[in-house]
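Commentary on secondary and tertiary structure
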Amino acid sequence: MFNNLTDKLDKAFHILKGHGKITDVNVADTLKEVRRALLDADVNFKIAKEFTTKVKEKAIGENVLTTLQPGQLLVKIVKDELTELMGGDVAGINLSGTPSVILMSGLQGSGKTTFSGKLANFLKSKKGKKTLLVACDIYRPAAINQLHVVGDQIGVEVYSEPENKNPVEIAQNAIKHAKANGFNVVIVDTAGRLAVDEEMMTEIANVHKAIQPQETLFVVDAMTGQDAVNTAKAFNDRLNFDGVILTKLDGDTRGGAAISIKSVVNKPIKFIGTGEKMDAIDVFYPSRMADRILG
Ligand code: GDP
């Protein structure tokens, strides 16, 4: 998943091996390498610096150098801090509405439509929820078709109004349909553009205001590194979303988005996408992710 980062962190901790007793110079060298590895993984400079400062303070506070296995303890401190940086605890999604409305946001190509299908499938098979998928992309007929294909594949109804060019109306009508037909969850898939633009932001902000979703999720491609973090900021400024979905983690990504997005927008990563198939979805567990990063 994060092969390059994992290799570099492994090398950083190698500095501590083979020493009978480690010194504060060894610790400083290790942390310098950890910081370099984070920067190479496209973690923002300030976050990487704060991270190693925290690890160092903790190492001093826990008297790492005087313990029996200082190297192992330092690795544990790094793991705990990484977990914390990625959100600490697992973040659930709010399904308290009748129906619960989930609004999907993100750039075109981020994996929004695919993830909408995966989430509907997850809620259906794991939580027994009757879910309605809503196609709110008024620009690309292909996007509406794509959602119907996904819906057919997982046996979930898709609501669309191909002739209607008003996404607010489509979303509102879909929610009415869901209420009238006993759906528990409504997932609204919106139009995405190739880059953040004002028109797109206004459109989704209008849909958001009109339907007042329980959950607004921001979908982002993990392969895009710092861009992912910047796009998240732009969407969060307008939508104040509730959580992040990190897709395409099945590829070998650098890791920066997974590590830094939470601290930049102060919103948790809730799910990850790990492939193109409908079951390639996982709840995001910060501590498990930290384990994978450390290898
Ligand atoms: P949208 O424009 O945001 O709705 O993006 P799509 O859902 O159409 O996804 C864009 C492309 O990314 C498609 O080819 C998907 O199959 C692919 N994709 C989506 N999620 C994942 C994922 O988690 N892993 C991989 N490898 N591909 C994905």
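Residues numbered from 1 in each chain as written. Predicted model: local features only at pLDDT ≥ 70, side-chain atom pairs only at ≥ 80, totals over all residues. Heavy atoms only, no water.

The protein chain is annotated in an unreviewed UniProt entry as Signal recognition particle protein of Flavobacterium jejuense. A UniProt comment under Subcellular location (unreviewed entry) is attached to the protein chain, and it reads "Cytoplasm". In its Sequence similarities (unreviewed entry) section, the UniProt entry covering the protein chain states "Belongs to the GTP-binding SRP family. SRP54 subfamily." (UniProt positions renumbered as here; feature names shortened; annotations may be inferred.)

Where burial is concerned, most of strand E4 (residues 185-190) is hidden: 6 out of the 6 residues are buried. Neither face of E4 is open: one carries Val185, Ile187 and Asp189, the other Val186, Val188 and Thr190, and all of them are buried. Note: strand E1 (residues 100-105) against E4, 5 bridges, orientation parallel. Each residue of the ladder has a partner; that of Val101, found in E4, is Val186. Across 6 bridges, strand E2 (residues 131-136) lies against E4 in parallel orientation. (Buried < 20%, exposed > 50% of the residue type's maximum accessible area, 1.4 Å probe, protein only. Helix = DSSP H or I, 4+ residues; strand = E, 2+ residues; numbered from the N terminus. Pairing = 2+ DSSP bridges.)

All chains considered together, the criterion is met by 13 salt bridges. Between Glu203 and Arg193 there is a salt bridge, with its nearest N and O atoms 3.7 Å apart. Separated by 10 residues along the polypeptide, Glu203 in helix H8 (residues 198-211) and Arg193 in the loop between E4 and H8 bring together distant segments of the chain. The pair formed by Glu203 and Arg193 is uniform in burial state, with each residue classed as buried. Put simply, Arg193, Asp197 and Glu203 are held in one network by salt bridges that share partners. (Salt bridge = Lys/Arg side-chain N within 4 Å of Asp/Glu carboxyl O.)

This part covers the pairing of strand E6 (residues 243-247). A large share of E6 lies buried, amounting to 5 of its 5 residues. On E6, burial covers both faces: Gly243, Ile245 and Thr247 on one face and Val244 and Leu246 on the other are all buried. Pairing geometry for strand E5 (residues 215-221) and E6, over 5 bridges, is parallel. Across the sheet, Asp221 pairs through a bridge with Thr247, a residue of E6. Following the chain from E5 across helix H9 (residues 225-239) to the adjacent parallel E6, one finds a crossover that is right-handed. Direction of pairing for E6 relative to strand E7 (residues 269-273): parallel, over a ladder of 3 bridges. Residue pairing in the sheet places Leu246 in a bridge with Ile272 of E7. Each parallel crossover has a hand, and the one from E6 via helix H10 (residues 256-265) to E7 is right-handed. (Right-handed = clockwise from strand over helix to strand, strands pointing away.)

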